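# Structure at a glance
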Amino acid sequence: MKYGIIILLLAGAVFTGCNSSDKTKILGIDTMRVVMWDMLRADELYSRILIKDSAAATRKENIRLYKEVFLVHKITKGQFDSSYKYYASHPVEYKILIDSLDALATRERNKAINHGQGH
């Protein structure tokens, strides 16, 4: 499950950013899945940017991309952090979240493959 490793790296990157005191409600699994998917996509974009522009790391381009994800989903970093910590400490819910994220990734990958084949 390569997405599990990516998510752990993603969470580490987000947690080492600024520390927010916004400890509001926990995001639901459906919301969290979509937010995490967009953060994975932001990480992929950041990786592609770094290939062309190594100075992006010094500009903290990845943090800017994460902030955009939070803005699009109308959540705060604190809400995301609290929610991630909640799911990480509740194995049953975490497994449901990760499995649903994996299913979303599979659907998106299949959609991209089918689209590339002219379907």
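Refer to the structure printed above.
Figured I'd write up the structure that's included with this text. (Residues numbered from 1 in each chain as written. Predicted model: local features only at pLDDT ≥ 70, side-chain atom pairs only at ≥ 80, totals over all residues. Heavy atoms only, no water.)

### Observations concerning the packing of helix H4 (residues 77-88) against helix H5 (residues 91-116)
With their axes 6 Å apart at the nearest point, H4 and H5 run at an angle of 115° to one another. Classified by the angle between their axes, H4 and H5 sit roughly perpendicular to one another. In this structure, H4 contributes Tyr-84, Tyr-86, Tyr-87 and Ala-88 to the contact, and H5 contributes Pro-91, Glu-93, Tyr-94 and Leu-97. In terms of residue class, the contact of H4 with H5 is made up of seven nonpolar, no polar and one charged. (Axes fitted to C-alpha atoms, helices over the stretch in contact; angles between N-to-C directions. Helix = DSSP H or I, 4+ residues; strand = E, 2+ residues; numbered from the N terminus. Parallel < 35°, antiparallel > 145°, perpendicular 65-115°, else oblique. Contact = heavy atoms within 4.5 Å. Nonpolar A, V, L, I, M, F, W, Y, C, P; charged D, E, K, R; others polar.)

### Digging into the packing of aromatic side chains
Applying the stated criterion across every chain, the model contains four aromatic pairs. When the ring of Phe-80 is compared with that of Tyr-84, the centres are 6.3 Å apart and the planes differ by 25°; the resulting orientation is stacked. Of this pair, Phe-80 and Tyr-84 both sit in helix H4, four residues apart, which is roughly one turn of the helix. Residue Phe-80 is classed as buried on the basis of its relative accessible area, which comes to 1%. Under the relative-accessibility criterion, Tyr-84 is labelled buried at 5%. Among the aromatic residues, ring-to-ring pairing joins Phe-70, Phe-80, Tyr-84 and Tyr-94 into one connected group. (Phe/Tyr/Trp six-rings, centres within 6.5 Å; stacked < 30°, edge-to-face > 60°. Buried < 20%, exposed > 50% of the residue type's maximum accessible area, 1.4 Å probe, protein only.)

### Some details on H5
In this model, H5 (26 residues) spans 37 Å end to end at C-alpha, consistent with the 38 Å of a helix rising 1.5 Å per residue. Among the residues of H5, those classed as buried are Tyr-94, Leu-97, Ile-98, Ser-100, Leu-101, Leu-104 and Ala-105. (Expected span 1.5 Å × (residues − 1).)

### Section: helix H3 (residues 61-72)
Spanning 12 residues, H3 covers 17 Å between terminal C-alpha atoms, matching the ideal 16 Å at 1.5 Å per step. Three or more residues of H3 are buried, namely Glu-61, Asn-62, Leu-65, Tyr-66, Val-69 and Phe-70. Remark: Lys-74 follows H3 within two positions and exhibits a positive phi of approximately 55°.

### Points about the nonpolar core
Grouped together as the largest cluster of nonpolar side chains are 24 residues, with contacts concentrated most on Met-32, Met-36, Met-39 and Phe-80. Of all the secondary-structure elements, those providing two or more residues to this core are helix H2 (29-52), H3, H4 and H5. For this core, the element with the highest residue contribution is H2, accounting for eight residues. (Core = buried A, V, L, I, M, F, W, Y, C linked by side-chain atoms within 4.5 Å.)

### A few points about the packing of H2 against H3
At a minimum axis distance of 9 Å, the contact between H2 and H3 shows a crossing angle of 150°. Relative to H3, the element H2 lies roughly antiparallel. Viewed along their axes, H2 and H3 form a crossing whose handedness is right-handed. Between H2 and H3, the contacting residues are Val-35, Asp-38, Met-39, Ala-42, Asp-43, Leu-45, Tyr-46 and Ile-49 on the first element and Glu-61, Asn-62, Leu-65, Tyr-66, Val-69 and Phe-70 on the second. Residues that form the contact of H2 with H3 fall into these classes: 10 nonpolar, one polar and three charged. (Left-handed = near helix turned anticlockwise from the far one by under 90°.)

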